[in-house]
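Structure assessment
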Amino acid sequence: FALRTLAELSPKDERREGLVQWLFLNKKLNHWKSTRATAEVLYALAYYLRGEGAQGVTETVYVTVGRREPTRFVFEPEASVDRRPQLVLAGDELDPATDSKTVVEKRGPGLAFASATWHFSTERMPESGDGDLLSVTRTFFRRVDRADGPALVPLAEDATLRPGDEVEVQLSLRARHAAEYVHLRDPRAAGLEPVSQVSKHKWDLGIAWYEEVRDSGNNFFFEQLPAGEYTFKYRLRVAMAGAFRVGPATAQSMYAPEFAAYSAGAVLEVTPDE
């Protein structure tokens, strides 16, 4: 309604492209609630495209990876797209020094959506990687008993763990855009066991989610995730001594996987009892 009104009253208003971008992001991360809402959105978009001179025209997009020659994608107005157009480069074709930059260019009016994803495997503990709309950080605390009650000590300050210690994990999830069907996964170190082994629905922070406890870690499933920052907590018990590597916590839209983020990895050192 806002886009249609703006296109009628002020067709060259600078806010029009932001409204169009929001509509498409809302479609990718959520769903239009009814056939009537879908029809209204399509009608407003068709009116916008006609005003921009972008209705019924051929669209051309150029994708350049590193120093390679641009790859050309052509979208004809009367031709259906049977599958998602994509450019895939195998690992042996990539040079991180020169191919880590991707440029997407579109000539002509209107908007185009594109995403670039790098799949990799490494023995190193990765640093955190924020996405365009999602980000996640993870912090470990050791619970200690003091005279005035239990307290949390960040492991960065007191990294000595022993079998039997209780560890609290805090996951901070930030969303810059409202999203539906988001999965937050936090792998668990091999030498630690969950204090609570019950999977159940929870409600807090103004949102609801289903928390699943598995052998490999904890999963958090959100049917609706409003824009904002949320912190989730759960506890673990140290079961054995050793050095345990913990993979990063990951957050990802289940139906738009290009929107994802991950935390830093970690190594937990557990000293055996003397």
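For the structure, see preceding data.
Report on the accompanying structure. What you see is a predicted model; the values in this text were computed from it and never measured.

Once that is clear, we can look at the packing of aromatic side chains. The full count for this structure, using the stated rule, is seven aromatic pairs. Geometrically, the ring pair formed by Trp209 and Phe222 is tilted, given 6.4 Å between the ring centres and 45° between the ring planes. Here Phe222 lies in strand 11 (residues 217-225) and Trp209 lies in strand 10 (residues 207-213), a separation of 13 residues in the sequence. For Trp209, a relative accessible area of 7% puts it in the buried group.

With that settled, the discussion passes to the sheet that holds strand 11. The antiparallel open sheet is built from six strands, whose spatial order is 9-10-11-7-14-15. Looking along the sheet, the strands with just one partner apiece sit at the ends: strand 9 (200-204) and strand 15 (260-262). Averaged over all adjacent pairs, the angle separating strand axes in this sheet is 20°, with direction ignored.

Attention shifts here to the pairing of strand 11. Remark: a regular strand shows side chains that alternate across the two faces of the sheet. Sheet topology places strand 7 (residues 179-187) next to strand 11; eight bridges connect them, and they run antiparallel. Directly across from Ala179, in strand 11, lies its bridge partner Leu225. Of the pairings in the sheet, the one linking strand 10 to strand 11 comprises four bridges and is antiparallel in character. Bridging from a neighbouring strand, Glu212 pairs with Asn219 of strand 11. What sits between the antiparallel neighbours strand 10 and strand 11 is a turn of three residues.

Let's shift gears to the packing of helix 1 (residues 2-9) against helix 2 (residues 16-29). Helix packing geometry: the angle between the two helix axes and the distance between the axes. The interhelical angle for the contact between helix 1 and helix 2, taken along N-to-C directions, is 160°, at an axis separation of 10 Å. With respect to their mutual orientation, helix 1 and helix 2 come out roughly antiparallel. Here helix 1 runs over helix 2; the crossing is left-handed. Residue-level inspection shows Ala2, Leu3 and Leu6 of helix 1 in contact with helix 2, the latter providing Arg16, Leu19, Val20 and Leu23. Looking at side-chain class alone, the contact of helix 1 with helix 2 contains six nonpolar, no polar and one charged residues.

Summarising the element assignment, Ser135 is placed in strand 4 (residues 134-146). According to the relative accessible area criterion, Ser135 is buried, its value standing at 8%. The residues contacting Ser135, other than those within four sequence positions of it, are Asp130, Ser172, Leu173, Arg174 and Ala261.

With that out of the way, let us pick up the sheet that holds strand 3 (residues 102-107). Reading across from one edge, 2-1-3 is the order of the three strands in this open sheet, with antiparallel pairing throughout. For this open sheet the edge positions go to strand 2 (71-75) and strand 3, each flanked by a neighbour on one side alone. Averaged over neighbouring strand pairs, the angle between their axes works out to 20° when direction is ignored. Two strands pair when backbone bridges link them, and strand 1 (residues 59-65) and strand 3 are joined in this way by six bridges, in the antiparallel orientation. Looking at the pairing, Tyr62 lines up with Glu105 of strand 3.

Once that is clear, we can look at the pattern of salt bridges. Tallying each qualifying case throughout the model produces 16 salt bridges. Between Arg143 and Glu166 there is a salt bridge, with the nearest N and O atoms lying 3.3 Å from each other. Here Arg143 is found in strand 4, whereas its partner Glu166 is found in strand 6 (residues 166-175), with 23 residues between them in sequence. The partly exposed category is assigned to Arg143, whose relative accessible area is 22%. Two residues, Glu211 and Lys202, come together in a salt bridge whose shortest N-O distance is 3.0 Å. According to the relative accessible area criterion, Lys202 is partly exposed, its value standing at 28%. Shared partners join several salt bridges into a network, and the residues in it are Arg143, Glu166, Glu168 and Arg235.

Definitions and cut-offs
Residues numbered from 1 in each chain as written. Predicted model: local features only at pLDDT ≥ 70, side-chain atom pairs only at ≥ 80, totals over all residues. Heavy atoms only, no water. Phe/Tyr/Trp six-rings, centres within 6.5 Å; stacked < 30°, edge-to-face > 60°. Helix = DSSP H or I, 4+ residues; strand = E, 2+ residues; numbered from the N terminus. Buried < 20%, exposed > 50% of the residue type's maximum accessible area, 1.4 Å probe, protein only. Pairing = 2+ DSSP bridges. Axes fitted to C-alpha atoms, helices over the stretch in contact; angles between N-to-C directions. Parallel < 35°, antiparallel > 145°, perpendicular 65-115°, else oblique. Left-handed = near helix turned anticlockwise from the far one by under 90°. Contact = heavy atoms within 4.5 Å. Nonpolar A, V, L, I, M, F, W, Y, C, P; charged D, E, K, R; others polar. Salt bridge = Lys/Arg side-chain N within 4 Å of Asp/Glu carboxyl O.

On their own, these measurements won't tell you what the molecule is for.
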